[in-house]
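Report on the structure
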Amino acid sequence: MIHNPTALLRCASDPARSRGRRFAVTPAPTRNDFQRDRDRIVHSTAFRRLVYKTQVFLNHEGDLFRTRLTHSLEVAQLARDIARALGLNEDLVEAIALAHDLGHTPFGHAGQDALHDCMAAHGGFEHNLQSLRVVDQLEERYPHLDGLNLSFETREGILKHCSAAHARAIEAREPGGVARRFIDRTQPSLEAQLCNLADEIAYNAHDIDDGVRSGLLTLEQLAELPLFAHHQAQALDEHPGLQGRRLLYESIRRLLSAQVYDVIDASAAAIVAAAPPDADAARRAGPLLLFSPAMQAQSSALKRFLFQHLYRHPQVVATTDQAREVVRGLYAAYLERPAELRAEFAQRPDRERAVADYIAGMTDRYALDEWQKLYDPYIRA
Ligand code: MG
């Protein structure tokens, strides 16, 4: 394994050279701007809600499944370890990782799809854009401004995807801002690129674990998957007779490590080859945080496997169908009876977006409770 941290350090993000916040603030005596962003995120309301939001399995289906919060912590852990090995900025990576899913609706992707359909005639709903709305507008923490007033670099990392139309709209409000790269087709900071990969590594591994825990995936099915089978065979080589939960964890542990070391090696080589002199040059150099081609192929196969055997499993699909109904029901009810919204949402002139913001902020169980209250005639009577 490499490394040449001095060559890599030059293109790491530096809080002392941040492009700054939308509203200027007095520097903190002991913390740099990226640490401050991380702290603002951890203390936000949206962050605490992540604990009761679905990752894949609905939050109430079992206490040990990943939620958005534990997923975000795992992403932050993986991203920090890789950042340290590559000499990238760990505080920035942690801030982006902890904030990357703040805009998710209740009930995971089913909730987002349903809300997107409801909002089709009003600009749609997209969780990445919503994460940015949460930190820019929806959090109410400061006397004179909306949102958390985070640094450009953290906001850039949060806006992971963006359609051309949305990018133009954001660019009009914030010229040269976080959406500019989708128009210029450049990359975000290396730290932001790293968080995207760490997200993928985290959910691929933990969805195997949760899938087996739920009984929807079996070790026999996983043996068909080359990446898993390889690490399971190695685990059994070293620990003959290992089985059940310990065999699963030992295989996942090896699979995670292999991907982390692969990313470190492949990315270090790419960064050294491109040799960007600073963080902005790195943004123009194409993707530099990456898997080796062999690991990329294995990771894609793992993703396809999870789609086929877990995310499209009839039992998962049945619960997500119910979740869609709850979100659609909430949307219709609040549009018809805006007085049922919380006061600050009811007062907004952009009614549809206000309803979407309100629903998106809900935890799974709050959404279910509200839906029951709105639709159960006995409770309403
Ligand atoms: Mg994620």
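Everything numeric in this text was worked out from a predicted model, so none of it was measured.

Description of the packing of helix 4 (residues 68–86) against helix 14 (residues 244–274)
Where helix 4 contacts helix 14, the two axes come as close as 10 Å, and the packing angle between them is 35°. Both helix 4 and helix 14 take part in a crossing whose hand is right-handed. In this structure, helix 4 contributes L78, I82, A85 and L86 to the contact, and helix 14 contributes L256, V260, V263, I264, S267 and A268. Tallied by class, residues from the contact of helix 4 with helix 14 come to nine nonpolar, one polar and no charged.

Quick word on the environment of P287
In this fold, P287 is placed in the loop between helix 15 (279–283) and helix 16 (293–311). Residues P287 and L190, spaced 97 residues apart in sequence, show a C-alpha to C-alpha distance of 8.4 Å. Setting aside anything within four residues of it in sequence, one finds P287 in contact with Q187 and Q193.

Looking at helix 17 (residues 314–336)
With 23 residues, helix 17 should cover 33 Å at 1.5 Å per step; its first-to-last C-alpha distance of 33 Å lies within 8% of that length. Buried residues along helix 17 sit in contact with helix 6 (108–118), helix 16, helix 19 (351–361) and helix 20 (364–375).

Side note on the nonpolar core
If you look at the biggest cluster of nonpolar residues, it comprises 80 residues, and the most contacted ones within it are I41, L102, L159, I208, F228 and L289. Those residues in contact with L289 that sit more than four places away from it in its chain are L86, L88, L190, Q193, L194, L197, V263, S267 and I271. Core analysis: the second largest hydrophobic core is formed by 24 residues, L330, Y358, M362 and A367 among them.

Regarding the packing of aromatic side chains
A complete count under the given rule lists four aromatic pairs for this structure. Between the aromatic rings of Y334 and Y358, the centroid separation amounts to 5.3 Å while the plane-to-plane angle is 70°, which identifies the pairing as edge-to-face. Linking Y334 in helix 17 with Y358 in helix 19, this pair joins segments that are 24 residues apart in sequence. Both residues of the pair, Y334 and Y358, belong to the buried class. Between F345 and Y358, the ring centres sit 5.0 Å apart and the planes meet at 45°, which makes this aromatic pair tilted. A residue pair is termed long-range when its members are at least 10 positions apart, and F345 in helix 18 (residues 343–346) and Y358 in helix 19 qualify at 13 residues. Each member of the aromatic cluster is reached from another via a ring pair, and the members are Y334, F345 and Y358. Lying over the aromatic face of Y52, R365 brings its terminal NZ or CZ to 4.0 Å of the ring centre.

With respect to unusual backbone geometry
Phi is positive for F107, which is not a glycine, with a value near 65°. For F107, the position within the fold is in the loop between helix 5 (90–99) and helix 6. Residue classification places F107 among the buried residues on the basis of a relative accessible area of 3%. Residues other than glycine seldom take positive phi values, yet N149 does so here, at roughly 50°. With respect to the helices and strands, N149 occurs in the loop between helix 7 (127–138) and helix 8 (152–158). Given a relative accessible area of 3%, N149 falls into the buried group.

Comments concerning the pattern of salt bridges
Tallying each qualifying case throughout the model produces 35 salt bridges. With a closest N to O distance of 2.5 Å, E94 and R80 form a salt bridge. One end of the pair, E94, is in helix 5; the other, R80, is in helix 4, and 14 residues separate them in sequence. Classification of R80 by relative accessible area gives partly exposed; the value is 23%. Between R254 and E250 there is a salt bridge, with the nearest N and O atoms lying 2.7 Å from each other. Taken together, the residues span about one helical turn, with R254 and E250 both in helix 14 at a distance of four residues.

Structural notes on the side chain of K53
Here K53 is to be found in the loop between helix 3 (45–49) and helix 4. D364 is the oppositely charged side chain nearest to the buried, salt-bridge-free K53, at an N-O distance of 7.1 Å. A distance of 2.4 Å separates a polar atom in the side chain of K53 from the backbone oxygen of H104.

Here's the deal with helix 13 (residues 226–238)
Between its first and last C-alpha, helix 13 extends 18 Å over 13 residues, near the 18 Å set by a 1.5 Å rise per residue. Listing the buried residues of helix 13 in full gives L227, F228, H231, Q232 and A235. All buried residues of helix 13 lie within an arc of 120° about the axis, which places them on one face of the element. The exposed residues of helix 13 that point more than 90 degrees off its buried face are P226 and D237. Here the buried face of helix 13 lies against helix 11 (190–214), helix 12 (219–222), helix 14 and helix 16.

Quick word on the environment of A367
Counting through the fold element by element, A367 comes out in helix 20. A367 sits in the buried class, given a relative accessible area of 0%. When the C-alpha atoms of A367 and F34 are compared, they prove to be 33 Å apart, with 333 residues separating the residues in sequence. Here A367 is in contact with P106, F107, V326, L330 and M362, once residues within four sequence places are set aside.

What counts as what
Residues numbered from 1 in each chain as written. Predicted model: local features only at pLDDT ≥ 70, side-chain atom pairs only at ≥ 80, totals over all residues. Heavy atoms only, no water. Axes fitted to C-alpha atoms, helices over the stretch in contact; angles between N-to-C directions. Helix = DSSP H or I, 4+ residues; strand = E, 2+ residues; numbered from the N terminus. Left-handed = near helix turned anticlockwise from the far one by under 90°. Contact = heavy atoms within 4.5 Å. Nonpolar A, V, L, I, M, F, W, Y, C, P; charged D, E, K, R; others polar. Expected span 1.5 Å × (residues − 1). Core = buried A, V, L, I, M, F, W, Y, C linked by side-chain atoms within 4.5 Å. Buried < 20%, exposed > 50% of the residue type's maximum accessible area, 1.4 Å probe, protein only. Phe/Tyr/Trp six-rings, centres within 6.5 Å; stacked < 30°, edge-to-face > 60°. Lys NZ or Arg CZ within 6 Å of the ring centre and 35° of its normal. Salt bridge = Lys/Arg side-chain N within 4 Å of Asp/Glu carboxyl O. Lys, Arg positive; Asp, Glu negative; His and termini not counted. Polar contact = N/O pair within 3.5 Å; in protein donor to acceptor, adjacent residues only side chain to side chain. Arc of directions from axis to C-beta.

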